[in-house]
Amino acid sequence: MANSTLQIHPEKPSLPEHSVIMPMAQLIWRPLATLARIHSKYGELVLGRLFGRKILFVSTPEHIEQIFNLEGKGLLSRDFLYDAKKVLFGDGLVNSGSEVWSRQRRLMQPLFTKEAVKNYELIMIEEAAAVANQLKKAADSPINLTTELKNLIQRIFIRILLGKSVDSLSNSAELIKVIEIIRQELPVQLGSEIIFGSRLKRFIPLKSRRYHAAVDYLKAFIRQEIAEKQENPGQDLISQLIQSGDRATGYTMPAELLQDEAVNLFFAGQETTINTLLWFFYLTGKHAEVRNKIAAEIRQLPDGPLNAAHLSQLSYTKAALNETLRLYPPTSALSTQTVQDIELGSYNIPKGTTVLLSMHTTHHNPRLWDKPEEFNPNRFLETATPERHKYAFFPFGGGVHNCIGKHFAELEMLLVIASFIREFTFETDITVKEAFSITLKPDRPIVGRVEPIS
Ligand code: HEM
């Protein structure tokens, strides 16, 4: 194995650095199409350079698995993005340096197991059923699912996090306003930090007072909630985070980290879930055959209130949800960085290389997926699934930084889908395109009609 510079596979030659300047610039404006183009033009493992930074584009499941394994051994790390994310995410899981991260992850993991998240099923079902009932009554006019799902997922998350309904908060209007400001400005704030870095950013006036004020307001609000729950703990997620501790060492989370983790969960968990559900209803809204099969499966559930145990009977619905996550993974790419030289496949990758893993590219690779652009839930049915590498499909990431909220998200999405489709089916004839900011979303609202199920 060579131990010096990167050697590109003979039939997929290495990019001369100057030739990647144009595609790399386009990467900023049209990231997903550009990533796909870089891979289709230059190969499955491509080295480029942007503003002096070496970037390695990785898209094959075998290389992705190797990267995750090496990251687990500490040879790659996310620490290089720390400054970019710290304003909002502080030292929470999404951003903490390796040492803080591993202690926090160990403490929080037990609250997010498949069993543990079932504690939240009643809140999820209650909130989803209330919206489903309202929408069923609106059968005569077009509905905007984007607004409805955004409000619903926000209501569910606030109730789980705080143990109270958003309507019961005296500052609910202000809170919703600041959350919206953060959502709108986060992509620019984060993007500019990542692209320009703190050195260049000093000369570019992108700092938004509105954004910083909104982050301060949200953090102060969460601090106050933490103080209340330290006095009076409940069943909510903040109280559970307060009580979580490392038995071996007696370590519990300091209030500052608690605040950061609450903010991290808030922003990591909602956009991803909302956008997956939007793509799901968009795709099934346009594919009558799939929609009818899902409705038939959900109609077969026993009468009476829905519960998490019913979800094991929804194999076709789950397959359609996975197929949605394949086509439109809301977190479409991940980045990490080598902290020393590593070996990847038959190449040596130097220390300091930023590694970009694009699940969007992998999920659309025709070598891995037959007719990759087709919406075909059958690929995910157990009976039909061919042998497939575990990283041919990885919407929740992988390795040590895999999504802690995977079981939470799967439970919530299936309960929302089942609650809705018990009351109505949703049809749409609009056509939307992919819009990428931090998550992959439809470029305009998902509007359509509901057909009540009698
Ligand atoms: C469809 C829904 C979701 C998708 C597709 C998704 C996807 C992901 C992905 C790909 C990562 C890895 C990011 C990276 O490696 O840089 C991640 C991390 C994370 N997700 Fe999710 N997520 C979803 C829902 C949620 C929910 C509901 C929560 C919380 C309730 C959550 C909390 C987190 C956190 C805290 C991390 C950071 C984990 C760590 O680094 O230890 N996610 N998610």
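What you see is a predicted model; the values in this text were computed from it and never measured.

Reading the values: rules and limits
- Residues numbered from 1 in each chain as written.
- Predicted model: local features only at pLDDT ≥ 70, side-chain atom pairs only at ≥ 80, totals over all residues.
- Heavy atoms only, no water.
- Near = heavy atom within 4 Å.
- Polar contact = N/O pair within 3.5 Å; in protein donor to acceptor, adjacent residues only side chain to side chain.
- Helix = DSSP H or I, 4+ residues; strand = E, 2+ residues; numbered from the N terminus.
- Nonpolar A, V, L, I, M, F, W, Y, C, P; charged D, E, K, R; others polar.
- Contact = heavy atoms within 4.5 Å.
- Salt bridge = Lys/Arg side-chain N within 4 Å of Asp/Glu carboxyl O.
- Buried < 20%, exposed > 50% of the residue type's maximum accessible area, 1.4 Å probe, protein only.

A.B. asks: When you look at the site of the ligand in this model, what are you seeing that I'm missing?
C.D. replies: In the vicinity of the ligand there are 27 residues, among which Arg-78, Trp-101, Arg-105, His-401 and Cys-403 approach most closely. In this structure, Trp-101 approaches the ligand through a side-chain N or O atom, which is 2.7 Å from an oxygen atom. A distance of 2.7 Å is found between an oxygen atom of the ligand and a side-chain nitrogen or oxygen belonging to His-401. Among the elements of the structure, helix H5 (98-108), helix H11 (255-286) and helix H15 (406-423) are those that each provide at least two residues to the shell around the ligand. It is H11 that provides the largest number of residues to the shell around the ligand, a total of 6 residues. Residues of the shell around the ligand, tallied by class, amount to 16 nonpolar, 9 polar and 2 charged.

A.B. asks: Looking at this structure, I do not really get the environment of Gly-90. What am I missing?
C.D. replies: As for its position among the elements, Gly-90 is in the loop between helix H4 (82-89) and H5. Along the backbone, Gly-90 and Val-263 are 173 residues apart, and their C-alpha atoms lie at a distance of 8.8 Å. With sequence-adjacent residues up to four places away left out, Gly-90 is seen in contact with Tyr-82, Lys-85, Asn-95, Lys-219 and Asp-260.

A.B. asks: Help me out: how do you make sense of the pattern of salt bridges in this one?
C.D. replies: Pairs can form between side chains of opposite charge whenever their charged atoms are close. Across all of its chains, the model carries 21 salt bridges by this definition. Between Lys-164 and Glu-225 there is a salt bridge whose closest N-O contact spans 3.2 Å. Remark: Glu-225 occurs in helix H9 (residues 209-231) and Lys-164 occurs in the loop between helix H7 (145-162) and helix H8 (172-201); sequence separation between them is 61 residues. On the accessibility criterion, Lys-164 (24% relative accessible area) is partly exposed. We classify Glu-225 as buried; its relative accessible area is 3%. Across the salt bridge formed by Lys-406 and Glu-410, the nearest N and O atoms sit 3.5 Å from each other. Residue Lys-406 and its partner Glu-410 are both found in helix H15; the two are separated by 4 residues, about one turn of the helix. Note on Lys-406: relative accessible area 30%, which makes it partly exposed. Note on Glu-410: relative accessible area 13%, which makes it buried. Connected through salt bridges with shared partners, the residues Glu-126, Glu-127, Arg-155, Arg-159 and Asp-167 form a single ionic network.

Spatial relationships are all this shows, so hold off on functional conclusions.
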